[in-house]
Amino acid sequence: MDPFGRMGYICKAMVAVLNLLVCYSFIHVARCSPVDPTLGFTDLPLNQSNLEVQKPYNVPESERYSFVDGVHKMWVYSTDDPHSINSRTLPRTEIGIRGYGYNSGVWQFEGHGFVRNGTSGVCIMQVFGSAPPHATTFMLRTYNGSLTYYTNPVLVPNMWGRWFKLNVIHDVDASYLKIYIDGVLVYVAPGRGGTYHSFKFGVYAQDYDSYCMESHWKGIRVLKKCS
């Protein structure tokens, strides 16, 4: 086995072991104490100018997005058009974070999310960018009330209609991600390569999407680990 192949095998094995530990912890979640995943990270300045709303190209922004009392509310319908006239992607109303694209280092997204009852088959947060053939390194989706890593596994069940805190740590160089829900580590995911990454959140239709998809977000932070 060549050195790069051996290293890739070792990395995959380490991620597998970490996920076994995470699964064990998740089964015993009542015994887990929440932690602060942001310790050791530095907050980066963030304001409305960093937040770019993507919505169906032929609908006014006010009909798919609102920002009231610090809460971003985004909704989209399965019959909506994509975010640009030339796009072949599914409907979305998402906020992309501008000014903080990255290709190395350790980065973190934090936000408080809320998924409206009935919202299903939709990505509510993503780490955009990866090596082909993928377009993303991570998607947090919701199916029938559960939060999932892509379509599987289920990270937390029964999440419709309540606020939760999400932290996603992406270590680009080590090629893995850690996903925390309400301060509890629920999954460790492998990286997917790529030369550019950024954070997005909102609603982006996926498989078996419901007719109306809606999520709310507040307390958005972008952080970076000091070297």
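Refer to the structure above for everything that follows.
The paragraphs below set out a description of the structure included in this document. (Residues numbered from 1 in each chain as written. Predicted model: local features only at pLDDT ≥ 70, side-chain atom pairs only at ≥ 80, totals over all residues. Heavy atoms only, no water.)

Our next topic: the layout of surface pockets. Computed from the structure, the largest pocket encloses a volume of approximately 240 Å³. Lining the largest pocket are 16 residues, with Gln54, Arg92, Phe128, Ser198 and Lys200 positioned closest to its centre. Elements that contribute at least two residues to the lining of the largest pocket include exactly strand S2 (51-54), strand S5 (92-97), strand S7 (122-128), strand S8 (136-143) and strand S14 (198-205). Here the element with the most residues in the lining of the largest pocket is S14; it accounts for four residues. Taken together, the residues that form the lining of the largest pocket break down as seven nonpolar, five polar and four charged. (1 Å grid on protein atoms, 1.4 Å probe; cavity = no way out; pocket = protein on both sides within 12 Å on 5 of 7 lines; lining within 4 Å. Points joined across faces, edges and corners; volume = space filled by probe spheres on them. Helix = DSSP H or I, 4+ residues; strand = E, 2+ residues; numbered from the N terminus. Nonpolar A, V, L, I, M, F, W, Y, C, P; charged D, E, K, R; others polar.)

Here we take up the sheet that holds S8. If you walk across this open sheet you meet the seven strands as S2-S5-S14-S7-S8-S9-S10, and the pairing is antiparallel. Where the open sheet ends on each side, the last strands, each with one partner, are S2 and strand S10 (154-156). The mean inter-strand angle of the sheet, taken between neighbouring strand axes irrespective of direction, is 20°. With six bridges connecting them, S7 and S8 associate as antiparallel partners. Looking at the pairing, Met125 lines up with Leu140 of S8. (Pairing = 2+ DSSP bridges. Axes fitted to C-alpha atoms, helices over the stretch in contact; angles between N-to-C directions.)

A word on the pattern of salt bridges. In total, this model carries eight salt bridges according to the counting rule given. The partner of Arg221 in a salt bridge is Asp43, with the nearest N and O atoms 2.5 Å apart. Placement of the pair is Arg221 in strand S15 (residues 212-225) and Asp43 in strand S1 (residues 41-43), with a sequence separation of 178 residues. In this structure, the salt-bridge partner of Asp182 is Arg162, at a minimum N-O distance of 3.5 Å. Linking Asp182 in the loop between strand S12 (176-181) and strand S13 (184-190) with Arg162 in the loop between S10 and strand S11 (164-171), this pair joins segments that are 20 residues apart in sequence. The exposure class of Asp182 is partly exposed, given its relative accessible area of 32%. Three or more residues joined by partner-sharing salt bridges are found here, namely Asp43, Glu110 and Arg221. (Salt bridge = Lys/Arg side-chain N within 4 Å of Asp/Glu carboxyl O. Buried < 20%, exposed > 50% of the residue type's maximum accessible area, 1.4 Å probe, protein only.)

This paragraph deals with the packing of aromatic side chains. By the definition in use, this model includes 12 aromatic pairs. Residues Phe109 and Trp217 carry aromatic rings whose centres are separated by 6.1 Å and whose planes lie at 70° to one another, so their mutual orientation is edge-to-face. Here Trp217 lies in strand S15 and Phe109 lies in strand S6 (residues 106-115), a separation of 108 residues in the sequence. Pair check on accessibility: Phe109 and Trp217 agree, each one buried. With centroids separated by 5.0 Å and ring planes inclined at 90°, the aromatic side chains of Tyr149 and Tyr150 adopt a geometry described as edge-to-face. (Phe/Tyr/Trp six-rings, centres within 6.5 Å; stacked < 30°, edge-to-face > 60°.)

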